[in-house]
Amino acid sequence: MNVWIAIGVTAGACYAVKLAGLLVPAGALERPPVRRLAALLPVALLAALTAQQTFADGHALVLDARAAGLAAAAVALVLRAPFLLVVAAAVAVTAGVRALGG
């Protein structure tokens, strides 16, 4: 029964956050600092998620084939490669390092 309580509390909290977002006046959202934050926040969250998924294994910090794939993707991005080529480079390098025993 505790799982259903957690689900109910989570659903209520999600609804409250969505309602709070709708109650914010439009004028507050048009301020330059808020617009700048809204533009940068998704990038920061995606970078944090990528770092956590790449360098963490449970509670340990690891450097393995995923880090090499991320480095290859970063190089491809610096070279202004198309997105599919960036993903392909990351996949190929990660698979190559894993195949070599990394």
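All of the points below concern the structure found in this document. On a predicted model such as this, the values are computed, not experimentally measured, just so you know.

### Regarding helix α4 (residues 65-78)
Piece 1. For α4, built from 14 residues, the straight-helix expectation of 20 Å at 1.5 Å per residue is met to within 8% by its first-to-last C-alpha distance of 20 Å.
Piece 2. Within the sequence span of α4, burial applies to A65, A67, G69, A72, A73 and A76.
Piece 3. Packed against the buried residues of α4 are α3 (32-55) and α5 (83-99).
Piece 4. Downstream of α4 by a residue or two, R80 has a phi angle that is positive, lying close to 60°.

### Re the layout of surface pockets
Piece 1. Of the voids in this model, the largest pocket is the one considered here, and its volume is about 250 Å³.
Piece 2. G69, L70, A73, V87 and A90 are the residues nearest the centre of the largest pocket, which is lined by 13 residues in total.
Piece 3. For the lining of the largest pocket, the elements supplying multiple residues, two or more each, are α3, α4 and α5.
Piece 4. Class assignment of the residues belonging to the lining of the largest pocket gives a composition of eight nonpolar, four polar and one charged.

### Section: unusual backbone geometry
Piece 1. One non-glycine residue, R80, adopts positive backbone phi at about 60°.
Piece 2. Locating R80 in the fold gives a position in the loop between α4 and α5.
Piece 3. R80 sits in the exposed class, given a relative accessible area of 76%.

### A closer look at the pattern of salt bridges
Piece 1. Within this structure, the stated rule accounts for two salt bridges.
Piece 2. Across the pair R35 and E30 runs a salt bridge, and its minimum N-O distance is 3.0 Å.

What counts and what doesn't
- Residues numbered from 1 in each chain as written.
- Predicted model: local features only at pLDDT ≥ 70, side-chain atom pairs only at ≥ 80, totals over all residues.
- Heavy atoms only, no water.
- Helix = DSSP H or I, 4+ residues; strand = E, 2+ residues; numbered from the N terminus.
- Expected span 1.5 Å × (residues − 1).
- Buried < 20%, exposed > 50% of the residue type's maximum accessible area, 1.4 Å probe, protein only.
- Contact = heavy atoms within 4.5 Å.
- 1 Å grid on protein atoms, 1.4 Å probe; cavity = no way out; pocket = protein on both sides within 12 Å on 5 of 7 lines; lining within 4 Å.
- Points joined across faces, edges and corners; volume = space filled by probe spheres on them.
- Nonpolar A, V, L, I, M, F, W, Y, C, P; charged D, E, K, R; others polar.
- Salt bridge = Lys/Arg side-chain N within 4 Å of Asp/Glu carboxyl O.

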